[in-house]
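A look at the structure
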Amino acid sequence: MTYRLVLLRHGESEWNAKNLFTGWVDVDLTAAGEAEARRGGELLKSRDVLPDVLHTSVLRRAIRTANITLDVADRHWVPVRRSWRLNERHYGALQGKDKKQTLAEFGEEQFMLWRRSYDTPPPPIDPGDEFAQTGDARYADLPPELLPATECLKDVLERFLPYWYDAIVPDLRLGRTVAVVAHGNSLRALVKHLDDVSDDAIAGLNIPTGVPLVYELDESLRPVSPGGEYLDPQAAAAAIEAVKNQGR
Ligand SMILES: O=C(O)[C@H](O)COP(=O)(O)O
């Protein structure tokens, strides 16, 4: 038996369009991002990849992408579960900063370390910063030690995996087609786990906005085809290049 998993990064957000580091700042989709979400739903419907359950983060750009995509695929009625554990990587003191300016100020090596390395987090955000999540109601029940001030990708994987094993895997084992609608870096963390990508090689992996990535998983929940299959490979390749070159 194989298990079907659909990964989808939210559509273009307002801060993606402005080239700002976003992290846990709760920005909305742009009109283009909404159109990407609709296209994602059309692709799922046309390829008969129909989610039976969906897991997403507690951030608007992912939640709205999930709602639009499900609606277009006529799957608006399936259960949706939300967790902070699927949030984008917390970008620390870089939240709200311009990517181009950050590259110019700190140079290529530091920029790439903060943006794409496995275990180098950006500087922590000050709790009083306008882009910090201090007092955010959605994290009120979170033990303080779990609320990040910054994260590297390793941190994201460590807080994602409990949800993967406790919430997503049981849905897969029931034979359900499971959609995970999340963020560029939380999905990079999951892909690293699924495809066993090395700590060095993960720096070269980028996830496009709005293009469904379908994995068929074997009994050990390992991909039958490493890397999965984008339902629109051409759109995915173009969007991946755009993500890779952000800030340049
Ligand atoms: O949080 C952000 O800034 C974006 O969603 C992801 O940004 P990145 O592709 O620069 O990591």
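The sections below set out a description of the structure shown in this document. (Residues numbered from 1 in each chain as written. Predicted model: local features only at pLDDT ≥ 70, side-chain atom pairs only at ≥ 80, totals over all residues. Heavy atoms only, no water.)

**Re the overall build of the protein chain**
Scanning the protein chain from terminus to terminus reveals 7 helices and 6 strands. Start at the N end of the protein chain and walk to the C end: the helices and strands fall as β-α-α-β-α-β-α-α-β-α-β-β-α. Relative to the 2.2 N^0.38 estimate, which gives 18 Å for 248 residues, the radius of gyration of the protein chain is 17 Å and therefore close to what a compact globule would have. Seen through its principal axes, the protein chain has C-alpha atoms that stretch 50 × 40 × 35 Å. In the protein chain, which comprises 248 residues, the share counted as buried stands at 54%. Within the protein chain, residue pairs in contact and separated by at least 24 positions form 78% of the contacts whose partners lie at least 6 positions apart. (Helix = DSSP H or I, 4+ residues; strand = E, 2+ residues; numbered from the N terminus. Rg over C-alpha atoms; globule rule 2.2 N^0.38 Å. Buried < 20%, exposed > 50% of the residue type's maximum accessible area, 1.4 Å probe, protein only. Contact = heavy atoms within 4.5 Å.)

**So, the pairing of strand S2 (residues 53-56)**
Side-chain alternation along S2 places Val53 and His55 on one buried face and Leu54 and Thr56 on a second face that is also buried. Of the pairings in the sheet, the one linking S2 to strand S4 (residues 178-182) comprises 4 bridges and is parallel in character. Looking at the pairing, Val53 lines up with Val178 of S4. Where S2 meets strand S3 (residues 80-82), 3 bridges bridge the pair, whose relative direction is parallel. Of the residues in S3, the one forming a bridge with Leu54 is Val80. Since S2 and S3 lie parallel, the crossover through helix H3 (residues 60-72) that links them has a hand, and here it is right-handed. (Pairing = 2+ DSSP bridges. Right-handed = clockwise from strand over helix to strand, strands pointing away.)

**Observations regarding the sheet that holds S4**
With mixed pairing, 6 strands are arranged side by side in an open sheet as S3-S2-S4-S1-S5-S6. Looking at the sheet topology across the chains shown, the edges are occupied by S3 and strand S6 (229-230).

**Considering the site of the ligand**
Not every one of the 13 residues close to the ligand is listed here, only the nearest: Tyr91, Lys99, Arg115, Arg116 and Asn185. At 3.1 Å from an oxygen atom of the ligand is found a side-chain nitrogen or oxygen belonging to Glu88. At 2.5 Å, a side-chain N or O of Arg115 approaches an oxygen atom of the ligand. When the ligand sits alone it has 310 Å² of accessible area, and the protein chains cover 99% of it. Looking at the shell around the ligand element by element, the count peaks at 3 residues for helix H4 (residues 99-116). For the shell around the ligand, the residue count by class is 4 nonpolar, 4 polar and 5 charged. (Near = heavy atom within 4 Å. Polar contact = N/O pair within 3.5 Å; in protein donor to acceptor, adjacent residues only side chain to side chain. Areas by Shrake-Rupley, 256 points an atom, 1.4 Å probe, with all protein chains shown as cover. Nonpolar A, V, L, I, M, F, W, Y, C, P; charged D, E, K, R; others polar.)

**Structural notes on H3**
A rise of 1.5 Å per residue sets the reference length of H3, with its 13 residues, at 18 Å; its end C-alpha atoms lie 18 Å apart and thus fit the reference within 8%. For H3, the complete set of buried residues consists of Arg61, Ala62, Ile63, Thr65, Ala66, Ile68, Thr69 and Leu70. Those residues of H3 hidden inside the fold are in contact with strand S1 (3-9), helix H2 (31-46), S2, S3 and S4. Taken from the residues just after H3, Asp74 is the one with a positive phi, measuring 55°. (Expected span 1.5 Å × (residues − 1).)

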